[in-house]
Amino acid sequence: NVDAVSRAISLCGCELPVAESLFESLVAAGNDSEGAYSCLLRAQLGSGDLDRALVTFRRMLQRGIAPRGRNASPVLHALCAAGRQVDAMRFSGRLVRHGLVLSQEDHAALLLL
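The sections below set out a description of the structure shown in this document. (Residues numbered from 1 in each chain as written. Predicted model: local features only at pLDDT ≥ 70, side-chain atom pairs only at ≥ 80, totals over all residues. Heavy atoms only, no water.)

1. A closer look at the overall build of the protein
Note the cut-off: Strands here mean DSSP runs of E at least two residues long; helices mean DSSP runs of H or I at least four residues long; both are numbered from the N terminus. Throughout, exposure labels follow a simple rule: accessible area from a 1.4 Å probe, protein chains only, divided by the maximum for the residue type, with under 20% read as buried, over 50% as exposed, and the rest as partly exposed. Every residue pair with non-hydrogen atoms within 4.5 Å of one another is taken to be in contact. Reported accessibility uses the Shrake-Rupley method at a 1.4 Å probe radius. Residues are deemed covered only where the shown protein chains occlude them.
Broken down by element type, the protein carries seven helices and zero strands. When the elements of the protein are put in sequence order from the N terminus, they spell out α-α-α-α-α-α-α. Counting across all 113 residues of the protein, residues that qualify as buried make up 42%. When contacts within the protein are restricted to residue pairs at least 6 apart in sequence, long-range pairs at least 24 apart make up 57% of them. Only carbon and sulfur atoms are counted for the fraction: they give 54% of the accessible area of the protein, which is about 6100 Å².

2. Considering the environment of Met 89
Following the sequence through the fold, Met 89 ends up in helix 6 (residues 85–97). Expressed as a C-alpha distance, the spacing of Met 89 and Leu 76, which sit 13 residues apart in the sequence, is 8.8 Å.

By themselves these figures say nothing about function.
Structural data, given as structure tokens:
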């Protein structure tokens, strides 16, 4: 069950290797989804691995899964919090090109850079 595995990924946030293993089992079965990507991204960001989260986000886009606020905003805010201004601006541009409308909080994070 994809939802059960996604919930398990969320619960394994502090154990990133376990979360990633569960996620890869979904991918291998052809059941990766936007929700599963969101859970993995939150787990990666929660463990402080922003670069890995960026790779995961790119992978999601390559698989044809459209970004949503729940998976894009945490990555954007992490880039801003890390002071990665150029990366944050590029990332926000990519989101807009994919049709995502940035929230007020997203714009505020970019303005505070």
